[in-house]
Structure formats: structure tokens, C-alpha cells
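Descriptive analysis of the structure
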Amino acid sequence: MLTLHYNPLTISAVTAIVLEELEVAYSPILVDFSDVSQQSLAYLALNPKGRVPTLETPNGVLTETGAILEYLAALHGPHLIPEDAFQAGRMRETMYYLAATVHVNYAHAMRGPRWADTQLAWDDMAAKAPHTMATSLAYLEGHLDLDPFAIGTSMTLADPWLFVLTGFATRLHIDIAQFPNLSAHQVMMHDRYAVRGARNKGMLA
């Protein structure tokens with residue numbers, strides 16, 4: 001049995017969606033940020049990073065969204081990785097960009113203390129975040145297939161990640177309608193059974 005430690009306001013929703021997509025049995029455990037549960041001794045013993053997602057597997061613990069998704073695909077969903085090597089590379093290129101650039105752009109809006117020590121610096125990062133986030137969305141709008149999926153004509157591991165982070169952009173008051181391809185992707189994914197399943201379980205805000 002797999003156990004997913006999650007918080008619905010975070011990127012851990014991506015893992016929940018993939019688990020639902022693959023119809024894999026798992027036990028969800030909420031990490032309540034309101035009481036700083038992610039910094040409790042018990043949770044830090046499980047994941048010293050103090051973040052989510054954390055996936056407990058029969059072989060040990062995995063953290064980091066990309067690693068978790070690759071593990072799940074290897075065991076339960078090879079169809080979520082394109083067979084064509086170049087397309088698989090494009091999928092991973094997209095995933096790395098979402099993790100290393102888009103998510104960081106978003107985090108600058110409210111996680112300033114990760115990078116700086118003064119309120120002035122935090123405010124500056126927060127003010128810049130909508131611009132950098134919109135710039136990243138414009139890049140994705142112009143470089144992904146989105147016909148209707150991110151890469152090719154079938155869902156891949158990149159799609160739930162793109163869906164969740166595009167949704168995060170609305171928290172920065174970015175109008176997704178200005179990116180019609182991403183907007184259509186949002187609508188499509190919103191109605192997908194896996195997204196509905198994660199939302200019905202309270203794992204997606």
C-alpha cells in the first residue's frame with residue numbers, strides 16, 4: 001500500500017491526480033500547515049525537507065514530485081510516458097521547467113523567506129511574481145502542443161503538473177483566458193475523472 005502525505009493547496013495535488021488516474025490504491029494523510037505539522041519531529045523523520053508531497057512505498061520514502069511520478073509510471077502507468085524517445089524528452093523538459101522555473105516563480109509570491117531576509121526583499125519578490133509567472137505561461141502557451149494535451153495527443157505525466165500550476169497562477173490574479181490553449185487545457189483537465197477524484201477526496205483545492 002502507498003501512503004501519500006499531502007496538502008491540497010500545494011503541488012502534492014499533482015501526485016494525487018496521477019494516483020487517481022492510475023487507479024492505484026493509496027492512503028492519503030493530510031499535512032496540516034495551519035499547525036505547522038510539516039515541521040513536526042514525526043514528519044521530519046519521514047521527510048527531513050519538511051515539505052510535501054511525501055510518498056511512502058513498500059521500498060521506502062520518496063519525495064520530489066518528478067521522482068514520485070516517474071516511480072508511479074514505471075510501476076503502474078508506462079502509458080503516461082511517450083514511447084517515442086524525443087517526445088519523452090519533451091515531456092521531461094516540460095516537467096523540469098514546471099518544477100524549476102514556473103513553481104519557483106509562483107513561490108516568490110509568498111515564500112520570500114526562502115531566499116531573502118528582509119521585508120523589502122520579500123515585497124519586491126511578491127510584486128515581481130505575477131510578471132514572471134505570466135512570462136512562463138506565455139512560453140508554455142507557445143511551445144507546448146496543447147492539442148489537447150501538453151505533449152502529443154495523449155495524457156502524460158506533464159499534464160497534471162501543468163494543470164495544477166496553471167491553477168496556481170489564478171492566485172496571483174493572472175487571467176488564464178489570455179492564454180487560450182492553456183485555458184482549454186485547464187477546462188479539459190478539470191473535467192477529467194482523476195481530477196474529480198482528487199478533488200472529491202479533498203486533495204485538490
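Note that the structure is a prediction, hence the values are computed from the model and not measured. (Residues numbered from 1 in each chain as written. Predicted model: local features only at pLDDT ≥ 70, side-chain atom pairs only at ≥ 80, totals over all residues. Heavy atoms only, no water.)

**Focus on unusual backbone geometry**
Operational definition: Labels follow the DSSP assignment, with helices taken as runs of H or I lasting at least four residues and strands as runs of E lasting at least two, numbered in each case from the N terminus.
Residue P53 is reached from V52 by a cis peptide bond, and omega for that bond is 5 degrees. Inspection of the secondary structure puts P53 in the loop between helix 2 (41-46) and strand 3 (54-57). In this chain, D147 is followed by P148 through a cis amide linkage whose omega measures 0 degrees. Among the structural elements, P148 can be located in the loop between helix 5 (119-143) and helix 6 (158-171). Phi at L146 takes a positive value of approximately 50 degrees, unusual for a residue other than glycine. Mapped onto the secondary structure, L146 falls in the loop between helix 5 and helix 6.

**So, the pairing of strand 2 (residues 26-30)**
Definition in use: We call two strands paired when DSSP finds no fewer than two bridges between them. Crossover handedness is defined here as right-handed if the route from the first strand over the helix to the second strand goes clockwise, with the strands pointing away from the viewer.
Both strand 1 (residues 2-6) and strand 2 contribute to a ladder of five bridges, which runs parallel. The residue bridging Y6 from the neighbouring strand is L30, located in strand 2. Between the parallel elements strand 1 and strand 2, the chain passes through helix 1 (residues 12-22) in a crossover that is right-handed.

**A short note on the sheet that holds strand 4 (residues 60-63)**
Heads up, the rule is: The angle between two axes is taken between their N-to-C directions and runs from 0 to 180 degrees, where each axis is a line fitted to C-alpha atoms and a helix contributes only its stretch in contact. Contacts were defined at the residue level, with two residues in contact if any of their heavy atoms lie within 4.5 Å.
Across the sheet, which stays open at both edges, the four strands sit in the order 2-1-3-4 with mixed pairing between neighbours. Strands with a single pairing partner mark the edges of an open sheet, and in this sheet they are strand 2 and strand 4. Neighbour-to-neighbour, the strand axes of this sheet turn through a mean angle of 20 degrees, independent of strand direction. The sheet contacts of helix 1 involve strand 1 and strand 2, and relative to strand 1 the element is tilted by about 150 degrees.

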